[in-house]
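Summary of structural features
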Amino acid sequence: MLPGAVFVGLAALFVFRLGGGDPSQVPSALIGKPVPAFALAPLEGLVAGGKPVPGLSNEDLKGKVTVVNVWASWCAPCRQEHPLLVELAKDPSIRVVGINQKDNPDNARRFLGALGNPFAAVGADSNGRVSIDWGVYGVPETFIVGPDGLIRHKHIGPLTPETLPAFKARLKEIPPA
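Since the model is a prediction, treat every value here as computed from it, not as a measurement.

Across the sheet, which stays open at both edges, the five strands sit in the order 7-6-5-8-9 with mixed pairing between neighbours. Single-partner strands in this sheet number two, and they are strand 7 (122-125) and strand 9 (151-156). Across this sheet, the average inter-strand angle for adjacent strands is 20 degrees, counted without regard to direction. The sheet contact formed by strand 5 (residues 66-71) and strand 8 (residues 141-145) spans five bridges and is antiparallel. Paired with Val 67 across the bridge in strand 8 is Ile 144. Against the sheet, helix 2 (residues 76-89) touches strand 5, strand 6 (95-101) and strand 8, its axis set at about 160 degrees to strand 5.

Owing to its 3.6 residues per turn, the α-helix aligns residues three or four sequence positions apart on the same side. With 14 residues, helix 2 ought to run about 20 Å at 1.5 Å a step, and its terminal C-alpha atoms sit 20 Å apart, in line with that. When the local axis directions of helix 2 are compared, the greatest deviation, roughly 40 degrees, occurs at His 82, which is followed within four positions by the proline Pro 83. When helix 2 is considered as a whole, its buried residues turn out to be Cys 78, Glu 81, His 82, Leu 84, Leu 85 and Leu 88. Those residues of helix 2 that are buried lie in contact with strand 5, strand 6, helix 3 (105-115), strand 8 and helix 5 (164-172).

The omega angle of the peptide bond from Val 139 to Pro 140 is -5 degrees, so this bond is cis rather than trans. Tracing the backbone shows Pro 140 in the loop between helix 4 (129-133) and strand 8. The residue Lys 102 is not glycine, and still its phi comes out positive at about 45 degrees.

Here is what the cut-offs are and how they apply
- Sequence order as written defines residue numbering, which begins from 1 separately in each chain.
- Only residues with pLDDT of at least 70 are given local features in this predicted model, and only at 80 or more are side-chain atom pairs given and counted; all residues enter the totals for whole chains, interfaces and linings.
- Note that the side-chain values use all heavy atoms of the structure and ignore hydrogens as well as water.
- Here, any two strands with at least 2 DSSP bridges between them count as paired.
- Each helix is a run of H or I in the DSSP string that is no shorter than four residues. Each strand is a run of E no shorter than two, and both are numbered from the N terminus.
- Note on method: axes are straight lines fitted to C-alpha atoms, helices fitted across the in-contact stretch only, with angles between N-to-C directions ranging 0 to 180 degrees.
- Should any heavy atoms of two residues lie within 4.5 Å, those residues are counted as being in contact.
- Residue count minus one, scaled by 1.5 Å, sets the expected span of a helix.
- Consider a residue and the seven residues that end there alongside the seven that start there; fitting an axis to each set, the bend is the angle between those axes.
- Any residue under 20% of the maximum accessible area for its type is buried, any over 50% is exposed, and the rest in between are partly exposed; the area is computed with a 1.4 Å probe on protein chains only.

Following this line, the structure appears as structure tokens:
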């Protein structure tokens, strides 16, 4: 009888945990900590306004509130959230940058060429190592980094019209440099 009771108890626990909670609210051990040290080369051949779009490093994330979006051209949810990133990038008080994860440079350039480039800088994370250091579970994920270089917020999954207002509210909570 005891094994049956244990089984029923565990089954109830699993059902309860599967049905509860928001998967985009997975806690991150990096919140409130400095951005991991990294230096990524630029996305090969990406140009904006006639100039090459620079790569990205942890030093680039200091001095201004920055939205860091981890994305890939092969990611369907990345395509869905992209217009919202383009809209966000229109705000001059926010810098939007990208980490292009495990992507083919030609496909990534075509993706940005077709949908618009909201990124002031794009680092090519060809092997995914930097994304792992950031604690990325899968693309897309979007971080807010304060002007002090500390990670202030992590959004798992695509930004949507429903989640964008709360994300913008989190941005406004961070004082500019």
